[in-house]
Amino acid sequence: MPDMVNLSAHSQQHPQQRQFNPYTENGGTILAIAGADFSVIAGDTRQSEGYSIQTRYAPKVFRLTDRAVLAVNGFAADGNMFVKKVRQRLEWYRHAHAKDMPLRAIARLIQTMLYSRRFFPFYVYNILAGIEEDGSGAVYSFDPVGSYEREACRAAGAGQSLVQPFLDNQIYFKNQKAAHGTSHPAHLPLNTVLSLVIDSFTSATERHIEVGDGLEIYVVLSKGRPMHGLEGLRGMEEVTTTNDGERVFVIRRDLKKD
Amino acid sequence: MECSFALTGKDYVIVAADTTAARSIVKMKIDEDKIKELSPHLLMAYSGEPGDTVNFAEYIERNIRLHHIRHLVPLSPSASAAWIRRALAQSLRSRNPYSVNLLLGGYDTAEDKPKLFWIDYLGTLSEVPFAAHGYGSYFALSLFDRYHNPEGTVEEGLATLKRCIDQVSKRLVVAPGKYKVKIVDKDGVREVEI
Amino acid sequence: MSIMQLNGGSVVAMVGKDCVGIATDMRLGNQALGISSEFQRVFPLTDRIYYGLPGLATDVATLRERFRYRVNMYTIKEEREIEPETFAHLVSSTLYEHRFGPYFVEPVIAGLSKTPSGGLKPFIAATDLIGCLNFAKDFVVAGTASEKLFGVAEGLWEPDLEPEDLFETISQTLMNAVDRDAYSGWGCTVHILTKDQVITRTLKARMD
């Protein structure tokens, strides 16, 4: 029967599955280092998807309060939404308590916010840097589901494996022995830290295609700390909002665009 | 599951291998000797794919013997290791490769030194102070790290081996029941009971 | 699991002022299990050439034998020692012969080559597993910790390092890189080639 519709060929087709992938990876690198009475937190500004550059200026580092700065790396859409949500929670806290949330409390808040999405996570690696209530510089690093730890330095993102071992060597003095009768410093001075941050990003830019374009370095100074070394720095701008507390600065630099 | 261990001491090498021959989940034989005496001062423990193991071990055994007959001197442990490794490396890129893992323990009579080589089916060769193959290696290597003494007496070496066998029996679900233990030193090869 | 990462291990080579350095870790593993902490993957070829073979350990041994054979034949035929550049091309063509069933190693070559004026010029090179040559002017890396090595080397290396400074730079680069790599480590060896000697040192490194 030539005119009969062949149903069996249709019904024997394999069941097809289509899936929407809600995540992507947007490259870039972030990095933070804690000093005795300051913290430095930085990120490049390239945003890419695969081999395409979407923009050469997409900030990954955000001032939350005058003593807390958050860097987000991974899936940019999730990162931006996460920062928005953290800022909203911090504003509610200000309305309820008439003060800024302390850094360690922000760290715990970020953990609970990340873990609340345990089974549909924000695909983001977070690094939080700022000044603790005792005036010391602090860095907190997180995984996408909220495991976190306070550290002296941390790199994350596309250039993590390039930068972290360099930092182990230069910040923690790993595999180095102090000269006889001396010891390695627990905290480095601000100008040394800034040079290391810039060196780390120029190195990562040189060898990683997803890192480059621009560099934004945030510096948070403890209350009453002198500026020494920071004033008159090229590309520096103060972004503090209050008068008598911690001070926040941002330094913008160019990185190679190739 | 198959386990083999070996360790060097002051002037000896101890080689141990389990004695089970299994097919799937069935033990076919519980007194199989899986340590060949390749030459007067050379032992080889073999494990891996059933069939491949004996075939390969006999091929090696006959060739090492042939060398001995032709040249009137046995091939040294390190030369034997290099030759066996090469046989496995060539087999790896052939149409059907042998899957045989080996521990080669010998006493070099020219250098007056014990020698031990870890060889896997890929032809990876490494001279080591102690070695293991199979699931037992996950236990044995840690114990060797803690207890192995390169200058130890035979008694001390056997005590360390005993620790490995005991731990494997205690903690490994698929632990073998019995082991054959052989020692090679300047006087040649001998079997010991443990 | 990739064949290239089965046994672990990394090699780095750097150029200095009238000297070169080549350094490696000493781990031989089977996936996560460590087998040996005395494994050699950097070998001398002549008094002025050292080369490293990170990758699959069976191919490390096989290629070492092949290179020794081919270089011996070259030395006999030519009645002179092979130059580093020539050896780099020998490595490349040996690997490319097996283009569609390769040896799983990424060789690194370090040597001092003769100049027409009779002096010695530092030379380094690396290839991928099918022999694509990379003649770098600064440093080359290979192995399971290659990404980490790139990062640290890019930060620490500078031009015209004297032998002792080059030793420090290459050692720190290697140790800090392999400490962040689970498949590399378990001891390090460093060779510095200068015009009149080869300095070989075993480093006291982390053993975990």
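Relevant structure appears above.
Residues numbered from 1 in each chain as written. Chains lettered and ligands numbered in written order. Predicted model: local features only at pLDDT ≥ 70, side-chain atom pairs only at ≥ 80, totals over all residues. Heavy atoms only, no water.

A. Here's a closer look at the side chain of A:Ser48. Residue and element names in this part refer to chain A. The topology assignment puts Ser 48 in strand β3 (residues 47-49). The class of Ser 48 is buried, set by a relative accessible area of 4%. If sequence neighbours within four positions are ignored, Ser 48 has contacts with Glu 25, Asn 26, Gly 27, Ile 53, Gln 54 and Glu 210. (Helix = DSSP H or I, 4+ residues; strand = E, 2+ residues; numbered from the N terminus. Buried < 20%, exposed > 50% of the residue type's maximum accessible area, 1.4 Å probe, protein only. Contact = heavy atoms within 4.5 Å.)

B. Fine view of the pattern of salt bridges. Within this structure, the stated rule accounts for 41 salt bridges over all chains. The shortest N-O distance in the salt bridge between A:Arg207 and C:Glu154 comes to 2.8 Å. Taken together, the residues A:Arg207 in helix α5 (residues 190-207) and C:Glu154 in helix α3 (residues 146-156) connect one chain to another. Given a relative accessible area of 33%, A:Arg207 falls into the partly exposed group. With relative accessibility at 21%, the residue C:Glu154 sits in the partly exposed group. When the shortest N-O distance is used, the salt bridge between B:Asp185 and B:Arg190 registers 2.8 Å. Accessibility expressed as a relative area gives 10% for B:Asp185, which makes it buried. When salt bridges with common partners are traced through the structure, they connect A:Arg46, A:Arg56 and A:Asp213 into a single cluster. (Salt bridge = Lys/Arg side-chain N within 4 Å of Asp/Glu carboxyl O.)

C. Expanded view of the interface of chain A and chain C. On the chain C side, the residues contacting the 17 residues of chain A number 16 residues. Between chain A and chain C the total buried area reaches about 1400 Å² when both faces are included, carbon and sulfur atoms providing 49% of it. Broken down residue by residue, the surface that chain A buries against chain C is led by A:Pro165, A:Asn175 and A:Arg207, which jointly contribute 40%. Between chain A and chain C we count five residue pairs in polar contact (both at pLDDT 80 or more) in total. Breaking the side of chain A that touches chain C down by element, the ones donating at least two residues are α4 (160-170) and α5 of chain A. The dominant element in the side of chain A that touches chain C, judged by the number of residues it contributes, is α4(A), at eight residues. For the side of chain A that touches chain C, the class distribution of residues is four nonpolar, eight polar and five charged. (Buried area = accessible area lost by both parts, 1.4 Å probe. Polar contact = N/O pair within 3.5 Å; in protein donor to acceptor, adjacent residues only side chain to side chain. Nonpolar A, V, L, I, M, F, W, Y, C, P; charged D, E, K, R; others polar.)

D. Here's a closer look at the pairing of strand β2 (residues 20-25) of chain C. Residue and element names in this part refer to chain C. Of all six residues in β2, six are buried, a share of seventy percent or more. Residues Val 20, Ile 22 and Thr 24 line one face of β2 and the alternating positions Gly 21, Ala 23 and Asp 25 line the opposite face, and both faces are buried. The sheet contact formed by strand β1 (residues 10-15) and β2 spans five bridges and is antiparallel. For Ala 13, the partnering residue across the bridge sits in β2 and is Ile 22. Counted between consecutive antiparallel strands, the loop separating β1 from β2 contains four residues, among which Asp 18 sits at a positive phi close to 55°. (Pairing = 2+ DSSP bridges.)

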